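# Structure at a glance
Here's the letter readout for the chains.
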Amino acid sequence: MTTVASHLRKIALVDEADLSAVVDACRSLIRDRFHDDDPRGAAAMLLDDGTIVTGTSPDVINSSVEVCHETEPYCAAFRLGKLIVASVCLFREPG
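Residues numbered from 1 in each chain as written. Predicted model: local features only at pLDDT ≥ 70, side-chain atom pairs only at ≥ 80, totals over all residues. Heavy atoms only, no water.

## Describing the sheet that holds strand 1 (residues 40-47)
The following threshold applies: We treat two strands as partners when DSSP finds at least two bridges between them. Here a strand is any run of E in DSSP of at least two residues, a helix any run of H or I of at least four, and the numbering for each starts at the N terminus. Interaxial angles span 0 to 180 degrees and are taken between N-to-C directions of axes, which are lines fitted to C-alpha atoms, for helices over the stretch in contact. Any two residues having at least one pair of non-hydrogen atoms within 4.5 Å are treated as being in contact.
The 3 strands lie next to each other as 2-1-3, forming an open sheet whose pairing is antiparallel. A single partner strand is all that each edge strand has here, and the edge strands are strand 2 (52-55) and strand 3 (84-92). Within the sheet, the average angular offset between the axes of one strand and its neighbour, ignoring direction, is 15°. Where strand 1 lies against strand 3, 8 bridges are found, and the strand directions are antiparallel. Bridge pairing links M45 to S87 in strand 3. In this fold helix 1 (residues 16-33) packs onto strand 1, strand 2 and strand 3, with an angle of close to 145° to the strand it touches most, strand 1. Against the sheet, helix 2 (residues 71-80) makes contact with strand 1, strand 2 and strand 3, and its axis sits at roughly 140° relative to strand 2, the strand it touches most.

Right, here's the structure in full:
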């Protein structure tokens, strides 16, 4: 019988430079994608191979189909078959 523990992988500590790059990628997406001063957010994730994937939630008319900013990068990690080792979600307030 397989135990839950056998499916867990050891997660290494993420260094400060990698975390800084994830935050910078998230900030860049908000700044580059949304030029106005409206309140906007985005997410960025560091994958186990060093790749950073980003995403944001689309504008929708029907709020019942809204998704989190994390959905797009999470799906990218799954599609690529990579583990997420760090994640950040930022939100910009007007002004």
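## Quick notes on the side chain of H69
Selection criterion: Burial classes follow relative accessibility: with a 1.4 Å probe on protein chains only, a residue under 20% of its type's maximum area counts as buried, one over 50% as exposed, and anything between as partly exposed. The definition of a polar contact used here is a pair of N or O atoms within 3.5 Å, where within protein one atom must be able to donate a hydrogen and the other to accept one, and adjacent residues in sequence count solely through side-chain atom pairs.
Examined against the element boundaries, H69 turns out to sit in the loop between strand 2 and helix 2. Given a relative accessible area of 16%, H69 falls into the buried group. From its side chain, H69 meets the backbone oxygen of G41 in a polar contact 3.5 Å long. Among all residues touching H69, those that are not within four sequence positions of it are G41, A42, A43, G55, T56, S57 and C89.

## A closer look at helix 1
In an α-helix there are 3.6 residues to a turn, and that puts residues three or four apart on one side. Stated precisely, the cut-off is as follows: How far a helix is expected to stretch is found by multiplying one less than its residue total by 1.5 Å. Directions from the helix axis toward the C-beta atoms define the arc.
An ideal rise of 1.5 Å per residue puts 26 Å on 18 residues; helix 1 measures up with 26 Å between its terminal C-alpha atoms. Listing the buried residues of helix 1 in full gives V22, C26, L29 and I30. All buried residues of helix 1 project into a common sector of 95° when viewed along the axis, lining one side. Counted as exposed and oriented over 90 degrees from the buried face of helix 1: E16 and A17.

## Topic: the environment of L90
By secondary structure assignment, the location of L90 is in strand 3. Overall, L90 belongs to the partly exposed group, its relative accessible area being 23%. Placed 63 residues apart in sequence, L90 and R27 show a C-alpha to C-alpha distance of 7.3 Å. Ignoring any residue separated from it by four or fewer positions in sequence, one finds L90 in contact with V23, C26, R27, I30, R40, G41 and A42.

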